[in-house]
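Structure at a glance
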Amino acid sequence: LDGHLNLFTPLQRRLQRAAIKIDGRDIRNYCNELFSNRLERHKIEMEATDEFLRSVIECYPSTLYPAVINIVDNALHWLNAIPDGRRIEFHADEEAIYISNNGPPIEGFDYARIFERGFSRKVGGRGLGLFISAKALEAERMALRVVDSRPGYSVTFAIIRDIGGR
């Protein structure tokens, strides 16, 4: 648990002065390890495409992992609203990595609002997770967006690489 919590501390970034290359396999393995109990308990399948497993993003782990974890955690929450066939999929292309799920769709008018501080549709939600994740990624010249869903899924988030031309 300490290892997971340390990932979220700003000290991590100060100690790790250079961005590192993080591949899709590392992200998939980290999420499987972190969420394996919840995935099994709630009967949710988490898969990754070959393109995702081969993809590489260069950034701080303390920026990328918390954003991915937040998206997956939200997906796990919302997937409980559907009776069965619950799925999360990681995929990628040259521009971004994508995290899709087949839970309830996000209404179009909420696409931008979900990244605002304090906005949440979760009962008791504080509306900080996606806000903080998006801001942290922006600081690294990346972006977090809701995009058109992949076939077979109802929600897709994109972590877009290098929006500022490093």
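In short, a report on the structure. (Residues numbered from 1 in each chain as written. Predicted model: local features only at pLDDT ≥ 70, side-chain atom pairs only at ≥ 80, totals over all residues. Heavy atoms only, no water.)

Considering the packing of helix α5 (residues 61–79) against helix α6 (residues 129–139)
- Packing of α5 against α6 leaves a shortest axis separation of 9 Å and a crossing angle of 150°. In this view, α5 runs roughly antiparallel relative to α6, as classed from their interaxial angle. Handedness of the α5/α6 crossing: left-handed. Touching Thr 63, Pro 66, Ala 67, Asn 70, Ile 71 and Asn 74 of α5 are Gly 129, Leu 130, Ser 133, Ala 136 and Leu 137, all from α6.
- Among the residues making up the contact of α5 with α6, the classes are represented as six nonpolar, five polar and no charged. (Axes fitted to C-alpha atoms, helices over the stretch in contact; angles between N-to-C directions. Helix = DSSP H or I, 4+ residues; strand = E, 2+ residues; numbered from the N terminus. Parallel < 35°, antiparallel > 145°, perpendicular 65-115°, else oblique. Left-handed = near helix turned anticlockwise from the far one by under 90°. Contact = heavy atoms within 4.5 Å. Nonpolar A, V, L, I, M, F, W, Y, C, P; charged D, E, K, R; others polar.)

Thoughts on the environment of Val 72
- In this fold, Val 72 is placed in helix α5.
- A C-alpha to C-alpha distance of 7.8 Å links Val 72 and Ile 88, two positions 16 residues apart in sequence.

Structural notes on the pattern of salt bridges
- Per the stated rule, a full pass over the model turns up five salt bridges.
- A salt bridge links Arg 38 to Asp 73, with the shortest nitrogen-to-oxygen separation between them at 2.4 Å. Linking Arg 38 in helix α3 (residues 24–41) with Asp 73 in helix α5, this pair joins segments that are 35 residues apart in sequence.
- For Arg 38, a relative accessible area of 24% puts it in the partly exposed group.
- In this structure Asp 73 comes out as partly exposed when scored by relative accessible area, which is 25%.
- One salt bridge in this structure joins Glu 89 and Arg 150, with 2.6 Å as the shortest N-O distance. One end of the pair, Glu 89, is in strand β4 (residues 86–92); the other, Arg 150, is in the loop between β6 (143–147) and β7 (155–160), and 61 residues separate them in sequence. (Salt bridge = Lys/Arg side-chain N within 4 Å of Asp/Glu carboxyl O. Buried < 20%, exposed > 50% of the residue type's maximum accessible area, 1.4 Å probe, protein only.)

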